[in-house]
Amino acid sequence: QVQLVESGGGLVQAGGSLKLSCAASGIAISIDDMGWYRQTPGKQRELVAVITSGGSTNYGDSVKGRFTISRDSAKHTVFLQMNSLKPEDTAVYSCNARFIAIATCRLTDSWGQGTQVTVSS
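Notes on the structure in this doc start here. (Residues numbered from 1 in each chain as written. Predicted model: local features only at pLDDT ≥ 70, side-chain atom pairs only at ≥ 80, totals over all residues. Heavy atoms only, no water.)

## Notes on the sheet that holds strand 3 (residues 18–26)
Note: strands within a sheet are paired through backbone hydrogen bonds, in either parallel or antiparallel orientation. How we decide: For two strands to count as paired, DSSP must find a minimum of two bridges between them. Each helix corresponds to a stretch of at least 4 residues labelled H or I by DSSP, and each strand to a stretch of at least 2 residues labelled E; elements are numbered beginning at the N terminus. Angles run from 0 to 180 degrees between N-to-C directions of axes, and those axes are lines fitted to C-alpha atoms, restricted for helices to the stretch in contact.
Strands sit in the order 1-3-8-7 across an open sheet of 4 strands; the sheet is antiparallel. The sheet terminates laterally at strand 1 (2–7) and strand 7 (67–71), the two strands that pair on one side only. Strand-to-strand twist across the sheet, computed as the mean angle between neighbouring axes with direction ignored, equals 15°. Here strand 7 pairs with strand 8 (residues 77–82) via 5 bridges, running antiparallel. Counted as the bridge partner of Phe67 is Met82 from strand 8.

## So, a nonpolar patch on the surface
This is how the line gets drawn: Put simply, a patch holds well-exposed residues, over 30% relative accessible area, that have no salt bridge, with like charges counted together within 9 Å and Val, Leu, Ile, Met, Phe, Trp or Tyr side chains within 5 Å. We get accessible surface area from the Shrake-Rupley algorithm with a probe of 1.4 Å; when it comes to residues, only the shown protein chains can shield them. Salt bridges are identified by distance alone: a Lys or Arg side-chain nitrogen within 4 Å of an Asp or Glu carboxyl oxygen. Accessible area is worked out with a 1.4 Å probe on protein chains only. A residue is then buried under 20% of its type maximum, exposed over 50%, and partly exposed in between.
A surface patch of nonpolar side chains, about 300 Å² in accessible area, is lined by Ile27, Ile29 and Ile102. Note on Ile27: relative accessible area 57%, which makes it exposed.

## Looking at the packing of aromatic side chains
Inclusion rule: The aromatic pairing rule takes the rings of Phe, Tyr and Trp, using the six-membered ring of Trp, and pairs them if the centres are within 6.5 Å, calling planes under 30 degrees apart stacked, those over 60 edge-to-face and the rest tilted. Two conditions define a charge located above a ring, namely a distance within 6 Å from the ring centre to NZ of Lys or CZ of Arg, and an angle within 35 degrees of the ring normal.
Tallying each qualifying case throughout the model produces 1 aromatic pair. Taken together, a centroid distance of 5.1 Å and an interplanar angle of 65° make the contact between Tyr37 and Trp111 edge-to-face. Placement of Tyr37 in strand 4 (residues 30–39) and of Trp111 in strand 10 (residues 107–111) is noted, with a sequence separation of 74 residues between them. By relative accessible area, Trp111 is classed as partly exposed at 35%. When the ring centre of Phe79 is taken as reference, the NZ or CZ atom of Lys19 above it lies at 4.8 Å. For Arg45, the ring lying beneath its charged end belongs to Trp111, and the centroid distance is 4.1 Å.

## Things to note about unusual backbone geometry
One non-glycine residue, Ser84, lies in positive phi territory at about 50°. Examined against the element boundaries, Ser84 turns out to sit in the loop between strand 8 and strand 9 (91–100). Phi at Cys105 takes a positive value of approximately 55°, unusual for a residue other than glycine. Tracing the sequence through the fold places Cys105 in the loop between strand 9 and strand 10. Using a relative accessible area of 58% as the deciding quantity, one classes Cys105 as exposed.

## Some words on the state of the cysteines
Put simply, the rule reads: Two cysteine sulfur atoms form a disulfide, by the criterion used here, when they sit within 2.5 Å.
Tallied over the full model, the rule gives 1 disulfide. Here Cys22 engages in a disulfide with Cys95; their sulfurs sit 2.2 Å apart. As the torsion about the S-S bond is roughly -85°, the Cys22-Cys95 disulfide counts as left-handed. Here Cys22 is found in strand 3, whereas its partner Cys95 is found in strand 9, with 73 residues between them in sequence. Cys95 carries the same exposure label as Cys22, and that label is buried.

## Considerations on the nonpolar core
Side chains that are nonpolar tend, in soluble globular proteins, to be buried together. The cut-off we apply is this: Note on terminology: a nonpolar core comprises buried Ala, Val, Leu, Ile, Met, Phe, Trp, Tyr and Cys residues joined through side-chain atoms within 4.5 Å. Whether two residues are in contact is decided by their heavy atoms, any of which lying within 4.5 Å being enough.
In terms of nonpolar packing, the biggest core is built from 28 residues, with Trp36, Leu80 and Tyr93 touching the most fellow members. For this core, the secondary structure elements donating two or more residues are strand 1, strand 3, strand 4, strand 5 (46–51), strand 7, strand 8, strand 9 and strand 11 (115–120). Examining the composition of this core, we find that 5 residues originate from one element, strand 9, more than from any other. Apart from the residues within four sequence positions on either side, Leu80 is in contact with Leu18, Lys19, Leu20, Trp36, Val48, Ala49, Phe67, Thr68, Ile69 and Tyr93.

So, in structure tokens, the structure goes:
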């Protein structure tokens, strides 16, 4: 299976920047999309950004123009560059990967533990 570990979260002031990373490990037949999601208390988890194995990207409306998702050429790590941060961006950010598991040959989701991002006023 695929395991994901996020890092890079922290406390920043509004208008600042932060870069998150998500390292993938393990074995899979293939890895499809990788993305970042976030969740705040009392709210559903929402899409922040997703990137396909081919490099196509999609962003949540609230972060378009401010955040950039990328992944390395080997598809082992995905990044989220967060610029012009707002207090509303405060959340736990989790990395997600969709892959075809060796054991089941079935499309499976893997989630990281999450990393806290806090943006002060």
